[in-house]
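# Understanding the architecture of this molecule
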Amino acid sequence: NNVVEDDEDDEDDDDWALALWRGGGGRGKDESGYRHSLHVKFSARERRPVEEAKRRHDERHEGALRNQLKMKEEQARKFADLAARAEEVRMRNVEARSGKEADIASKHAKAQGRHAAYLAGVVRKATAKVDVAWSSANALTSNEIQADLRRRLHEVE
């Protein structure tokens, strides 16, 4: 007594839909010309028992679960690939950044060395000029002292 309509009974479904579209009022005709109503269609003997419908439902459900599992596995694989790619990019950026920092540090050290050499040269030149100035000043003062002593000596004589 437990019966469910056959899902694969598409031909009767098409006949019924065609009859409804043509204005048959929901009634169609079978091959023998018998006009049947929805009641006749739904109470047909060709319907499958509940056990078979349940089996088909379970098969479809298992297929849907398999497909869902495949989709989840594919999504997990894609996420893993994306995570690996992101990690590669991050590592590449870290390496590039550390390389750039090393280049900048070496350039800075070279610049500090050049600056120290420049300051040493400035100090050398300034010291040489100060020495020349002091020697000139000392020479002037010693010449002036000598001239002053000669003048006094001439005055005393």
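To keep things clear, this report deals only with the structure shown in the data block. (Residues numbered from 1 in each chain as written. Predicted model: local features only at pLDDT ≥ 70, side-chain atom pairs only at ≥ 80, totals over all residues. Heavy atoms only, no water.)

Let us look at the overall build of the chain. Along the backbone of the chain there are 3 helices and 4 strands. In the chain, which comprises 157 residues, the proportion classed as buried is 6%. A separation of at least 24 residues holds for 52% of the contacts in the chain among residues at least 6 apart in sequence. Accessible surface for the chain amounts to roughly 13,700 Å². Of this, 57% is attributable to carbon and sulfur atoms. (Helix = DSSP H or I, 4+ residues; strand = E, 2+ residues; numbered from the N terminus. Buried < 20%, exposed > 50% of the residue type's maximum accessible area, 1.4 Å probe, protein only. Contact = heavy atoms within 4.5 Å. Areas by Shrake-Rupley, 256 points an atom, 1.4 Å probe, with all protein chains shown as cover.)

Turning our eyes to something else, we now look at the pattern of salt bridges. Tallied over the full model, the rule gives 7 salt bridges. E52 is paired through a salt bridge with R55; the nearest N and O atoms lie 4.0 Å apart. On the criterion of helical spacing, the pair formed by E52 and R55 is a turn pair, its members being 3 residues apart in helix 3 (residues 50-156). For E52, a relative accessible area of 28% translates into the label partly exposed. The salt bridge involving E87 is made with R90; its shortest N-O contact spans 2.6 Å. Of this pair, E87 and R90 both sit in helix 3, 3 residues apart, roughly one helical turn. (Salt bridge = Lys/Arg side-chain N within 4 Å of Asp/Glu carboxyl O.)

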